[in-house]
Structures are given as structure tokens and as C-alpha cells.
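Observations on the three-dimensional arrangement
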Amino acid sequence: MTVVTQPVSRGSAAGAEAAYGPGAKWFHWITVTLILIAMPVGFVIQHLKDDHKMPFYAVHESAGVTIFLVALARLAWRLRHPAPPLPEHVPRPLQRLATGVHHALYLLLIVQPILGFVATNAWGFPLRGQTAYLGLIDLPKFMETNERLAGAVQAAHNTVAWVMLALLVLHVAGAIYHQAIRRDGLLLRMV
């Protein structure tokens, strides 16, 4: 494997060709911010006493619904504005890995909030009242309480959270690898 040791400057033709546009950058960093809210809060909830959980659920669930809406908008954006191709100097296995991680993250950003919404409804706690979306909008209740279904969907939601965390670690590690080791300027495509 050839390692590029000269950094690609932000203003270079190669860097400019490969850069994401402003819309893609906004979607990316909004999604990052929402995940940095939803994920830690979701992991903390299970360790709280029941009488302290409600504000955490409100934040977690609102962030999750927003992630879902942003992910749908982002996917629609991506269909009209394809991602710039990775430069040829990036080895094919790394290109395939990056593409797989990105596709998996897109999928999970849509599936995970749906699982959470179904679990919440199945537990008998639709996003209403104290846990209304953004504290203002009651979302429809679409099922009666079903604890068996709730437990299964909650288990899937928890598993997907760990898979998503692993993919995010892989994604960040890839960005660091390209910036610190390969020094090929790929990180600059998204900043």
C-alpha cells in the first residue's frame, strides 16, 4: 500500500474537486450534533431512577425524531447531490469500507428512530405530554401497550445503538487515519 505523505492543501484543485458542498456539510454536522445529544442520553437513561428519567426521555426522543427527519432530508439531498468520489490514491479496499460504513450509517439513522418510536408506543408511552416532540408537539399513538413487543423492539433498539456506535468509531478512526497517517486531505472534504 502506498502512503501519501504530502498533505493536500485546502485550496488545491484536487481538494476542491473532492470537497463536499455546503449542504452536505450542514447535514453532516447537524447529524453529528444530534447524535452527540441522543446517544449519551440514551445510554444514561438506563442508569437513572424512574422518577428522574422523564426529562432525559424527552431529550432523547426529540433528538431521535429530529435525527429521523434530518436523515430523510439528507438522503433526499444525497440523491440529488451525489457524494464526490474518493480520490484514486485511496486503495480500493478502503474505498469499499468507507462506502459500506456510510451506507450502514444512513440506514441506521433511519431505522434506529423508528425502533425507538415503536418501542416507546409499545411500552405505552407515546411522545405526548412530558415527552412531546420538542416539548410541544404530541405525536400520534398508533398502538396499545404491548410489553412483549416493546421488549423485543427495545432489545433491537439497544443492539442497533451499539452497532451504530461501532460504525461511528470506525468512521472517526478513518477520518483520523486519513488526516494523521495518510495525510491525504480527505478530512478537509467535510470541514
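Residues numbered from 1 in each chain as written. Predicted model: local features only at pLDDT ≥ 70, side-chain atom pairs only at ≥ 80, totals over all residues. Heavy atoms only, no water.

**Quick notes on the overall build of the chain**
Spelled out, the test is: Numbering of helices and strands runs from the N terminus; a helix is a DSSP stretch of H or I covering at least four residues, while a strand is a stretch of E covering at least two. Between buried and exposed lies partly exposed: a residue is buried under 20% and exposed over 50% of the maximum accessible area for its type, with that area taken using a 1.4 Å probe on protein chains only. Any two residues whose heavy atoms approach within 4.5 Å are treated as being in contact. Values of accessible area rely on a 1.4 Å probe in the Shrake-Rupley scheme; residue burial ignores everything except the protein chains shown.
When its secondary structure is counted, the chain shows five helices and zero strands. Mapped in sequence order, the helices and strands of the chain form the string α-α-α-α-α. Burial status across the chain gives 36% buried among its 191 residues. A separation threshold of at least 6 residues defines the contact pool for the chain, and within that pool the share at least 24 residues apart is 74%. Summed over its atoms, the accessible surface of the chain is roughly 11500 Å², and 70% of this surface lies on carbon and sulfur atoms.

**Digging into a nonpolar patch on the surface**
Definition in use: Each patch is built from residues that are more than 30% exposed by relative accessible area and take part in no salt bridge. Like charges join if they lie within 9 Å; nonpolar side chains (Val, Leu, Ile, Met, Phe, Trp, Tyr) join within 5 Å. By definition, a salt bridge exists where a carboxyl oxygen of Asp or Glu is found within 4 Å of a side-chain nitrogen of Lys or Arg.
A cluster of nonpolar side chains, contributed by Trp29, Leu187 and Val191, occupies part of the molecular surface with about 250 Å² of accessible area. For tryptophan 29, the position within the fold is in helix α2 (residues 22-45).

**Structural notes on the pattern of salt bridges**
Applying the stated criterion across every chain, the model contains four salt bridges. Ionic pairing is found between aspartate 50 and lysine 53, a salt bridge with its closest N-O pair at 3.5 Å. Residue aspartate 50 and its partner lysine 53 are located together in helix α3 (residues 50-80), separated by three residues, close to a single helical turn. For glutamate 144, the salt bridge is made with lysine 141, and the minimal N-O distance between the two is 3.8 Å.

**Structural notes on the packing of aromatic side chains**
Basically, it comes down to this: Between rings of Phe, Tyr and Trp, where Trp is taken as its six-membered ring, a pair exists when centres lie within 6.5 Å; planes separated by under 30 degrees are stacked, by over 60 edge-to-face, and by other angles tilted.
Using the criterion set out here, one finds three aromatic pairs in the structure. Summarising the aromatic geometry, the rings of phenylalanine 117 and phenylalanine 142 are spaced 5.5 Å apart at their centres and angled 25° between planes, so their arrangement reads as stacked. Here phenylalanine 142 lies in the loop between α4 (92-122) and α5 (147-182) and phenylalanine 117 lies in helix α4, a separation of 25 residues in the sequence. Exposure remark for phenylalanine 117: the relative accessible area of 23% places this residue in the partly exposed category.

**Brief notes about the side chain of arginine 74**
Using the following cut-off: The charge count includes Lys and Arg as positive and Asp and Glu as negative, but it does not include His or the ends of the chains.
Among the secondary structure elements, arginine 74 is positioned in helix α3. The side chain of arginine 74 is buried and forms no salt bridge, while aspartate 184, the nearest opposite charge, is found at 18 Å.

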